[in-house]
Each structure stands twice: as C-alpha cells, then as structure tokens.
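Working through the structure, step by step
Given next are the chains, with one letter for each unit.
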Amino acid sequence: MSLSVDVALTRGAFSLDVAFEAGAGLTALFGRSGSGKSTLINLIAGLARPDRGRIAIDGRTLVDTAARVRVPVHRRRIACVFQDARLLPHLSVKGNLGYGRLFSRLAGGDGRDGIEPEAIVAMLGIGHLLDRMPAGLSGGEKQRVAIGRALLSRPRLLLMDEPLAALDEARKAEILPHIERLRDEAGVPIVYVSHAVAEVARLASTVVVLEAGRVAATGPAEAILRRPDLFPEREAEAGSILDMRVEGHDEAAGLTRLSGPAGRLSVPRLPYEPGRTLRVRVPARDVLVATRVPEGLSARNVLPGRLAALTGAGPALTAEIDCGGAILTARLTTASASDLGLAIGAPVYAVVKSVAFDPAAIGAGRRSVEI
Amino acid sequence: MSDLFSALTQDEWRALTLSLKVSVVATLASLPLGLWVAWLLARREFPGRSLLDGLVHLPLVLPPVVTGYLLLLAFGRRGTFGAALAEIGIVFSFRWTGAALACAVMGFPLMVRAMRLSIEAVDQGLEQAAATLGASPLAVFATVTLPLSLPGILAGAVLAFAKAMGEFGATITFVSNIPGETQTLPSAIYTLTQVPGGEAGAMRLTVIAVVVAMGALLVSEWLARRARRRVEGLA
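Residues numbered from 1 in each chain as written. Chains lettered and ligands numbered in written order. Predicted model: local features only at pLDDT ≥ 70, side-chain atom pairs only at ≥ 80, totals over all residues. Heavy atoms only, no water.

1. Description of the overall build of chain B
- What chain B contains, in helices and strands, is twelve helices and zero strands.
- Order of helices (α) and strands (β) in chain B, N terminus to C terminus: α-α-α-α-α-α-α-α-α-α-α-α.
- The 235 residues of chain B split such that 46% are buried.
- Residue pairs at least 24 apart in sequence account for 71% of intrachain contacts in chain B once pairs closer than 6 positions are excluded.
- If you sum the accessible surface of chain B, you get close to 11,700 Å²; carbon and sulfur atoms cover 68% of it.
- With 17 positive and 14 negative side-chain charges, chain B shows a separation of 3 Å between the mean positions of the two kinds. (Helix = DSSP H or I, 4+ residues; strand = E, 2+ residues; numbered from the N terminus. Buried < 20%, exposed > 50% of the residue type's maximum accessible area, 1.4 Å probe, protein only. Contact = heavy atoms within 4.5 Å. Areas by Shrake-Rupley, 256 points an atom, 1.4 Å probe, with all protein chains shown as cover. Lys, Arg positive; Asp, Glu negative; His and termini not counted. Charge placed at Lys NZ, Arg CZ, Asp CG, Glu CD.)

Below, the structure is given as structure tokens:
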C-alpha cells in the first residue's frame, strides 16, 4: 500500500502545504498542536477539501483538484479513530461494531478478506463489553471499541487522530499494545497523529514531522527520532532506537544479555525467552563518548564504533556514533568535544548508562533501566 | 367525560372528528417536507438559504387571514396552481383537504423550528464518523441524525398538530366554515358564539379543545423522554 499526499490549503492565517508518501506499517504525523496534523487527517479522510493538490492510495485518486476529482467520504474506505472515540450513543457496543461492518458489506464486500469480527473483538479484548452502551464505558474501553469499529469497516487505510490524547497514563498503557498488534497483525496501514514522542518512538515505522503546516522532516523512525534539532524542547527525549535480541540470561548475576548489530548489552534480568526481539531506546543524554576503552567505570556497557557526525552548535553537541551500522546518539558539550579531540571517522566508544525498553514487549508502561 | 361526549350535538361531534382528521393529515403530510427543510437549514450552506428560512417563517408573522387569502389565490379553483390541480382531481377549495393544507402551512414554521434546533444539536463529529465508516449522506441521516434528534422531531410534530387543532384564521379564509366539510373545532366554537343559546355548546367544545391540547403535550413529553433515554444510552 502506498498513500501519496501533496496538498495545500489556506484557512485564515493558517496555511498548509505538505507532500509526503507513506507505505505499509504505521506512519506517524508528528508535530505540535497547530502544526496542521488534524487538518491533514481531515483532508485524507475527505472531511475537508484541499484548495489545491492530490491524494491517492495505491494509485487510486481520492482527490485531485486539477482533474476535479473528489471521492466522497463514504466511498473512500478510510476509517478514522478520533481522539474522542465518537461512538454512536444510541447503539450498543455490538451495534457500533456492526455499523462499520454493515456498510462495507452493502458496498459489495464478500466478507472474506479482512479479519473476522471474532478475531478483532478478541484482539482488542472487548468481548465482555458487547451488550453495554457507550455511555457506560471508560475512555480506554471506548477507544478500543472505536478501533474495532474502524477495522470492521475493512478500511484500505486507518487514520488515528491522537487516539490516546484524552486518556490518562494507565489507559494509554492499556491501549498501546493493541495498536501495536494492529500494526503487526491486522495488515492495515495506519496513519497515526501524535504530539507525544514516546508514542511515536514506540509505534512508528515512518515519521513525518510537521511544523507550521510544512513538512520539516520525513523518513524512517530511527533516523528522525535521533535528530535533536527537530525536538528542541524535548532534548531529553531525543535518542536512538536499537533492535536487539535476547541472547540469554545470567541467572547468578541477575542479568539478561542482549545482542544486535550495535553490539552487546547486559541489562537487569528481563522476563523473556531467548530469541525474542526487543526495541531498545537509548536516550542521547545517557550515552558518554570515550576515545579509549574506559577503565574503572561502573557502567558495564561499552559499544565500540566510529564517530559518524558531530552536529549542533553552542554549548551542546550531538555525536552520532556508528556502531556496526546502528547509529547511537550522545549529547556532549563543545568543551569536552574539543578536549577529546573528536574527529569524524575516528574510533570511539559509546558508554551506555541506561536504556528504555519498548513496552510492547514488557506489556506495561515504558521502563527505563540503569545498566 | 363520557357525559360531555354524549352531550355533544351532531354538528359539534362532527367538528371534533373533522378537526382531528385535518390535524393528523396536516401533521403527517408536512412531516417529510418539514424534516427535509429543517435538515437543509441546519446542515447545508446554499444560495438562497436565508430566503428559504424567511419563507418558512412567513406564516408565523403574517396575519393568518393574509395567509388564508394567499392560499385562496394560489390553490383556489381559479388559482395559480388550483386550476391545474383540479384537472388531475386534486381540489383544495372548500374541502377538508384545504383545511388540512391551511393547517399544515400554519404549523410548518413551528415544526421546522423545533426540528432544526434538535438537528443542529446533533454532534457533527458523529455524522462524520459514520461517513468514514461508509455510510452515505442518506444513511447518515437515517441512522445517526434522525435517531439522535428524535425528541425534537417528535416535539416539532406535536407542536404542528396542536397548532393545526387551533388554526382558525387561515382556514376560515381559505375554505370557509361548512359544517361537516370544513368546520373545524375553532370554527365551530366561533359559530356557536355567534348564535343565541350557543354558549353551552361553545363551552363543551372549549373543554374538549383544552383536553386534546393537554393530551397532545403529555404524549409528546412522554415520547420525548423515552427517545432521549434511548439516545443517551441509559435504557
């Protein structure tokens, strides 16, 4: 699947002019409020019209102002999950789920492709809610039902407009695993709007960063998230993502050994079988740079690599360290960079002080561990 | 109550049943059009929207006699449309159908007002959500807008019915006051007050008018409450 968007729209003082492509998996539209994320979602869904431009899925035009084509909302087969769930209050949970299914069937669906309703209900854990009315559901339950309803309409594309923004941390943790399963199992491409770095880091395959109605950056999640210039007010959250595999456990020391392209890490014992893959996030501020193998240091995880880039200006710099193809970012001051005599391409060692695990694997909130 | 009904003269009885028939027909016949106009005014932007809004409200502000006279000009036997309609067998002038038309026109602004308000109160976000799930505009109206605005729609219909039961000026101007054909309850009361010894009959019909109006209000209140409970998902 490929979604291609190239649209412009002006509403009063706000103007939107963006072009991007999104492939399979989950594409995150990231940006502050007012950056145009929701407007873009409305344009894709067909709830708003662009002044100019074209939107197409798999080559099928949804809107093209030049060719005067505009497919109406209900024929686009693009389902939305809104921040406020928008369940139909006069229908039970079962009725809401059936509502999505009804129209996809009337539209001539053979009911074969797409996931079985039972599987969706089970995947979202809403089987016990079927006879309830939406008014009696918690925020998290409502969102799960809304996701199920959207999936049952057998969409070509699923739009999620800050589906977690109205929920507290506990409810978010309840829903995030479901969205991950959706991404990995449902086979429906997702465009996910968020202004939370943590959500984007956890879910996205591709990230489109919006700033004041323009695309500031777009690319694979790992490449975008380690750029502190895009997240100036969130420096603490900038970091790199490493794909690691559980090698084995050292029961005596209470450690789990992980390995990946970047090298090996020892972390406090994790409850996973060897062979399981994890996403590990390493905050840039928790990585030290050394030019020699450090001695007499409490940190046990030292990854050898080469200095790939040194970016930024002023007192703080970001060092990108290429460890076996994976890029690790480290924050350091200009003063210490010159003390170390850092040169691009020179061998360096990344000392990792802490990592955070993708809670997809953990099954409950993000966990940061000193190592 | 049964004493009251048995005391009715044949003319009074006919006036009551005729009024009920005229009001029910006027309400039911104008319901689809009223719903459509209310939806247009609540949900669509189009040129001439203010003009339509004004036209709908005109009977509310015009003297009823003027409305009745305009109806006579348009739908009388020699009227603009009346002559053509007579050709295909539809006659309004001096028939009970004309009384129903007059009542429908007079009740229309009240009906549209109530319906429009309740349609406007329906969260458009829900309608959008339904559309993204594949519901066509008509399906969105039937499955989301209509059920969610049902209390107001019922209230609008009952208001129109009550207005029809009491309509006098436009009806008597358009279709006159013929016992058994166009003499509705208000016309009958008016006639009784004009003849010596009619006070008792006028009183009986007045009591009936009050009872019918009260009954309609109670029924609408009950229906609206039930509909609202269902809409809010508390049933």
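2. Let's talk about the domain arrangement of chain A
- Once the domains are mapped, chain A shows domain 1 (3–225) and domain 2 (239–244 + 278–370).
- The gap between the C-alpha centroids of domain 1 of chain A and domain 2 of chain A is 34 Å. (Domains from an automatic or database assignment.)

3. Topic: the sheet that holds strand β20 (residues 347–352) of chain A
Residues and elements named next belong to chain A.
- Here five strands make up an open sheet; going across it, the order is β16-β20-β17-β18-β19 and the pairing antiparallel. Here the strands that pair on one side only, and so sit at the sheet edges, are β16 (287–290) and β19 (326–333). Looking at each pair of strands side by side, their axes are set apart by 45 degrees on average, direction ignored.
- Examined bridge by bridge, strand β17 (residues 301–311) and β20 share six bridges and lie antiparallel to one another. Bridged to G305 within β20 is V348. (Pairing = 2+ DSSP bridges. Axes fitted to C-alpha atoms, helices over the stretch in contact; angles between N-to-C directions.)

4. Points about the nonpolar core
Residues and elements named next belong to chain A.
- Counting residues in hydrophobic clusters, the biggest one holds 47 residues, and the most contacted among them are I147, L151, L158 and I179.
- A per-element tally of this core places helix α4 (residues 139–152) first, with six residues.
- Not counting residues within four places of it along the chain, the set of residues in contact with L158 comprises A79, V81, A150, L151, L182, V188, P189, I190 and V191. (Core = buried A, V, L, I, M, F, W, Y, C linked by side-chain atoms within 4.5 Å.)

5. Some points on the interface of chain A and chain B
- Taken together, the 20 residues of chain A in the interface contact 21 residues of chain B.
- In this assembly, chain A packs against chain B so that about 1,800 Å² is buried in total across both faces, 69% of it on carbon and sulfur atoms.
- Contact with chain B buries surface across chain A, with H74, H90 and Y99 of chain A losing the most and accounting together for 34% of the total.
- Connecting chain A to chain B are zero salt bridges. (Buried area = accessible area lost by both parts, 1.4 Å probe. Salt bridge = Lys/Arg side-chain N within 4 Å of Asp/Glu carboxyl O.)

6. Re the UniProt feature "transmembrane region" (unreviewed entry) in chain B
Residues and elements named next belong to chain B.
- Following the UniProt record, one finds the feature "transmembrane region" (unreviewed entry) at residues 20–42, 54–76, 88–112, 133–162 and 202–224.
- Annotated as 100% helix and 0% strand, the span residues 20–42 places its first and last C-alpha atoms 31 Å apart.
- Across residues 88–112, the secondary structure splits into 68% helix and 0% strand, with the terminal C-alpha atoms separated by 30 Å. (UniProt positions renumbered as here; feature names shortened; annotations may be inferred.)

7. Considering the confidence of the model for chain A
- Considering every residue of chain A, the mean pLDDT works out to 82; 91% of them sit at 70 or more.
- Confidence drops under a pLDDT of 50 for residues 359–367 of chain A, and excluding neighbours within four residues, the segment shows 24 contacts in the predicted structure. (pLDDT = per-residue confidence, 0-100.)

8. Side note on the sheet that holds strand β1 (residues 3–11) of chain A
Residues and elements named next belong to chain A.
- Taking strand neighbours across the sheet as the criterion, the five strands line up as β2-β1-β4-β5-β6 in an open arrangement whose pairing is antiparallel. Each end of this open sheet is capped by a strand with a single partner; those strands are β2 (14–22) and β6 (69–70).
- By the bridge criterion, six bridges tie β1 to strand β4 (residues 52–57) in an arrangement that is antiparallel. What sits directly across from S4, in β4, is A56.
- Along the sheet, helix α1 (residues 37–45) makes contact with β1, β2, β4 and β5 (60–64), crossing β1 at roughly 120 degrees.

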